[in-house]
Amino acid sequence: MWLRVAAGGPAALKVLAAAGAAAAPVRLVWAGPLGETTTTTTTAAAAAAAAAAPLPGREPLAAAPVIPTPRRGPPGLTSLLPPAERPLAPLSTPWAPALELDSGTILFSPNAICQFFFLARGEEPTDLTNQWLEWEATELQPAASAALYAQLVHGKKGLEAVEALGKLLAHIEQNLSRRGTAYLAGDTKSVADVVVWGTLFPVLQDETSLPSELQVLRTWFQSMTLSEACRKAADSVLMPKALLEFKSYLQKQPPPCLAMERATSNEPEEEEGSEPALTEEEITAAADAWGRGAAALPKPWQPQKPVLPVEGMRNILITSALPYVNNVPHLGNIIGCVLSADTFARYCRLRNWNTLYVCGTDEYGTATETKAVEEGLTPQEICNKYNAIHADIYRWFNISFDFFGRTTTPYQTMIAQDIFQRLLARGFLLQDTMEQLRCEECQRFLADRFVEGTCPFCSYKEARGDQCDKCGKLINAVELKNPQCKLCRGVPVVKPTQHLFLDLPKLQEQLEPWLEQSWATGDWTANARYITRSWIRDGLKPRCITRDLKWGTPVPLDGFRDKVFYVWFDAPIGYLSITANYTDQWERWWKNPQQVELYNFMAKDNVPFHSVIFPCSLLGADDNYTLVNHLIATEYLNYEDGKFSKSRGVGVFGDMAKDTGIPADIWRFYLLYLRPEGQDSAFSWSDLMLKNNSELLNNLGNFINRAGMFVCKFFGGTVPNMVLTPDDKRLLARVTLELRQYHQLLEKVRIRDALRCILNISRHGNQYIQVNEPWKRIKGDEKDRQRAGTVTGVAVNIASMLAVMLQPYMPAVSLAIQRQLCIPPDCFVLSHDFTCTLPPGHCVGTVSPLFQKLENDQVEALRKRFGGGQAKDTPPASETLVAPGDPQLIQELTEEVAKQGNHVRQLKANKAEKAQVDTEVAKLLELKKQLALAEGKSPEVPVPKGKRKK
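Residues numbered from 1 in each chain as written. Predicted model: local features only at pLDDT ≥ 70, side-chain atom pairs only at ≥ 80, totals over all residues. Heavy atoms only, no water.

Novice: Give me the sheet that holds strand β14 (residues 493–502): which residues, what numbers.
Specialist: Strand order in the open sheet made by the four strands is β10-β9-β14-β15, with antiparallel pairing throughout. The strands lining the two open edges of the sheet, one partner per strand, are β10 (444–445) and β15 (543–544). Of the pairings in the sheet, the one linking strand β9 (residues 429–439) to β10 comprises two bridges and is antiparallel in character. Counterpart to Arg438 in the pairing with β10 is Phe445. (Pairing = 2+ DSSP bridges. Helix = DSSP H or I, 4+ residues; strand = E, 2+ residues; numbered from the N terminus.)

Okay, here's the thing in C-alpha cells:
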C-alpha cells in the first residue's frame, strides 16, 4: 500500500496516526510544496474526483468513491523511496491524503483510510465507532476548520480561537464521563479516538485552549497525544515550514461558514439548525397526495384471532423481556421492555403488518422461593399474587399485549424438556461435579440465597451465599465461614453434586455465522452488538443449566430428576410456552424463520441471554426455530440523582403511578421522550412538569385544540372549503417530510427520536395558525373568510394525522382526538403521505382540552413523596429512622457507597474544582451514615485529615 500525505495538512495527521496505531504496512510518500503535484495529467475519472474533493479538514459523510487506476509516479512527489516506486498522482488537493491499495484501488477520504487501516488489523467497526465517525465528519470537522482558520489566519489565541468548538468539546466530555471508559468507544483505543484526536490536535496543541472544567476530555486528549502513534504523527506533519505553507494556502480561501451560524433575526429559531430547503417536486407531490384524500389510504388490517402468520404479509413477532415475578416493576423496568415493545407493536399494526406481541411473568427460580419464605406463602401463591400485580400495572399503562401469560405452565415443561432432550441427543450437554452446601435437616442442596454466613473477605456476619452486602464482593457459598441454612438455621455441609452444562464452546461455530447474518440483515442496537461481541471475544465457556431446587422445570434425565433447570436456560423458553398458551398453533410463529421476523425488547443487562445463550440452545436443538432478527436493548433509566429503591421509598413504581393523579398517557409520553436509547437517562420531576406544560399543553395540545375549536366556533362544526395557496402546499410538503422521517426512525426502532417528529409537526401547525390568524380573517371580507376556512381546514387535517401518529405513544389521547374530530376508523392507518382525511363538509364533535397543566406545588409534593432518602428536605440519615438488618437495604446502600466513592476518586484524579469535590464527598459521607444505621451500627464521625494539634 502507498500512502501519500502532505506535511502541514490537518487530514494527514489523523491518517498517519491511524497508520501507526494500527501498525499498517504502508509505504509513505510526502507531497511537495503546493503546486508541485499538479503537473501530472490524470484520468478523467480522477479529475472528476479531484473536482469533487472536500476542502481541507472537511469531507462528506460517506467515504469517497474508490477509483481503479494504473500506477504511475508523478514528478511532484518527494520520497526516500526510489522514483520508480512512487505512487500515482494525487486525486484531490495537495493537502488531502490518498491511499493506493495493492489492487490499484485508491481511497482519498481520510476517514475511510483510517477505517481501512483498523479493518486490515482485524478490528471490525462497531455501531458506536461509526456514530463517532459520522459525528466527526458532519459536526466536528466544520467547527475545527473554522477554529483553525481563526488561529492561523486571524491570529486568535486560547479560548477565543476554539469558541466554535465549545458545545462539541462538551459533547465529548459528557460521553466520556457518562460511559466511564478511557476511550470514546470502550476501554481500548479505536479508530474513533484517532480520528477525533486528529481533528482536534491542530487546534488544541496548546492545551490552555481547553476549558478547565473539561477534565475528563483533557485526560483523554493528553493520553492520545502522548501515545507513540499520535506523537510521531504530530512531529512528522505539523512542522513549522509546512504549517507556513498551509497558512499561505488558507489565506487564499474564504473563511469557513458553519451551518450553525445564522443571521441576526427576530424570527423564532428552530430547535436544531435550519430546515432543509424544499424542492418543487416535493411540494407538487405533497399537494397531489393531499388531493387524493382518504380513498388513497390502505384499508386497516384486522387479523383473525388468534393472530397467526399470513403468507405474503410481513409477520412481526414481538417479545419483551419477561419481568421477574417476585417484585413490582418500576418506571425503568417499564420503559426498558414492555412500554418500548408496546409502542413498536402499535406502530406495526398501524402499518398493516401482521403483528403478535407476547409477554408474561418469569416465575421459576430461587428468588421466587426466597420471596415465598419471606411472605409465608407457597411459591405458587407468590406467583399468583405478583402475576396479578404485574398484569394490573400493564393494563393501567395501556400495554397492548396480544397475550400476557406466565412460565409456570405445562407447556413450559413440555417445550423446555423437548429442547433439552434435543441438545442432549446432539451432544451439546456436559456433566461435571460442583461442590455445594447441603442441609441434612432439610434434605436438600441449598441455593445461594438460602445460605447465610460470615464473609470470607470482610467478616460481615450476614453475608449471602452469592454476595456480601457489606463489601459487595461475589462469594461462592462454600467459601462462607460459619454457614447457616436460612430455612432451618441448621449447619450445612459441603458435598459434591453433579450438574449439567450447555457446551457453548462447541456451539460457537454455529453461533458466530448466525450472528453475522443477523447483524447484517437486522436492526440490533449498538449496545446489544457491543455486549455480544465482548462475550464472543472473551471466549464462550460451558454454562451450568441445572440447579438443586424444587421450584422449577424438572430435569428429565436419570440422576438429575431431583433438580430443575436454571432460570437463565428456562426463562427465554417462556416466550414459546406463553405463545403456546395463546394458540396451539404456536409453532407457526416459533418454527417459521422463513416467514417471521422476531423483535426482542429488553434492558442491556439481558442481552447475553438473548444474543448468545438462548440462540445457542435453539441452534443446538436443530428444530427450525425462529431466532431473533432485531435485538433492541435500552440503557438504564435512573431516578433523579440516584436509582429506584422500593425498600427506601425512592422512585415511582408501577403500582404507585396511578395514585399520582397523572394520567397513564402522560407517563407513557415522558418515559418515551427520555427513553435511554443510546445512553442512560434520568427521570426528573421538574423535567416531567416542563415537558407536560411545554410540549404537551402549549405545543401539541394547544394546536389540536385550536384547530378543532376554529371548526366549531367559526364554521358551525363543519370542515370548510379549502383553496390551497403556495404557502399551504409548502406546509403540506414540510409535514410530509416529518411524517416520512417518523417512519424511517420507527422502522429502525428509534422510538424516542420519532416522537420528536410528532412535536415538530404540531410546532409547524401552531406557527401556521399564528401567521395566518384565522380568528381575525373570519371577520374580514370574502377573501379573508375564505383564507380563514383554508387555514382551519388544513390545520384540522394535520390534527387528524397527528391523532394516528400519536397512537403508538399515547393511545388514550389518540382515541380522544379521534372522538372529538369524528375521524373515520378507516383513516386510522399510517401511510407515507399526508392526505386530506377530513374533507369539506365533515362534521366534528365536541372539542375539549386534551391536557392539564402540572403545577409546581403538585410536582414538589410528588417529589417529596417518592424521594425517600434523596428528597432535598429529608432529615439527615442520622436523624432518620432506619430499620437495621434489612439485607436488601444494606445491599443497595453498599452499592451506592461504592459507586459514590468511585465518583469521588475520579474527580480527585481529574483535579476537579474543590467545591465540586467537597459536595460529592458530603454525599458519600451521608450514604456511609445511612449504611451504618442500616447495619445497626453507630455512624462514625470522620476525623479531619491533617496534623493533630498538640
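Novice: Would you mind going over the pattern of salt bridges in detail, with residue names and values included?
Specialist: A full pass over the atoms with the stated rule returns 43 salt bridges. Ionic pairing is found between Arg426 and Asp622, a salt bridge with its closest N-O pair at 4.0 Å. One end of the pair, Arg426, is in the loop between α15 (410–425) and β9; the other, Asp622, is in the loop between α21 (607–621) and β19 (630–634), and 196 residues separate them in sequence. The exposure class of Arg426 is partly exposed, given its relative accessible area of 34%. Between Glu773 and Lys776 there is a salt bridge; the shortest N-O distance is 3.4 Å. Classification of Glu773 by relative accessible area gives partly exposed; the value is 27%. Connected via shared salt-bridge partners are Arg422, Glu587, Lys591 and Asp623. (Salt bridge = Lys/Arg side-chain N within 4 Å of Asp/Glu carboxyl O. Buried < 20%, exposed > 50% of the residue type's maximum accessible area, 1.4 Å probe, protein only.)

Novice: Requested: an account of the sheet that holds strand β13 (residues 481–485), with residues and values cited.
Specialist: The pairing of strands in a sheet happens through backbone hydrogen bonds and is either parallel or antiparallel. Here three strands make up an open sheet; going across it, the order is β12-β11-β13 and the pairing antiparallel. What marks the edges here is a single partner per strand, and that holds for β12 (463–464) and β13. As judged from the three bridges shared by strand β11 (residues 451–454) and β13, these two strands associate in the antiparallel manner. Bridged to Glu452 within β13 is Gln484.

Novice: Any details on the confidence of the model for the protein chain? Residues and values, ideally.
Specialist: Here the protein chain averages 82 in pLDDT, and 81% of its residues register 70 or above. The low-confidence segment residues 259–273, where pLDDT is below 50, has nine contacts with residues more than four positions distant or belonging to other chains. In this model residues 869–884 is a low-confidence stretch, pLDDT under 50, and it forms 29 contacts with partners more than four residues away in sequence or in other chains. (pLDDT = per-residue confidence, 0-100. Contact = heavy atoms within 4.5 Å.)

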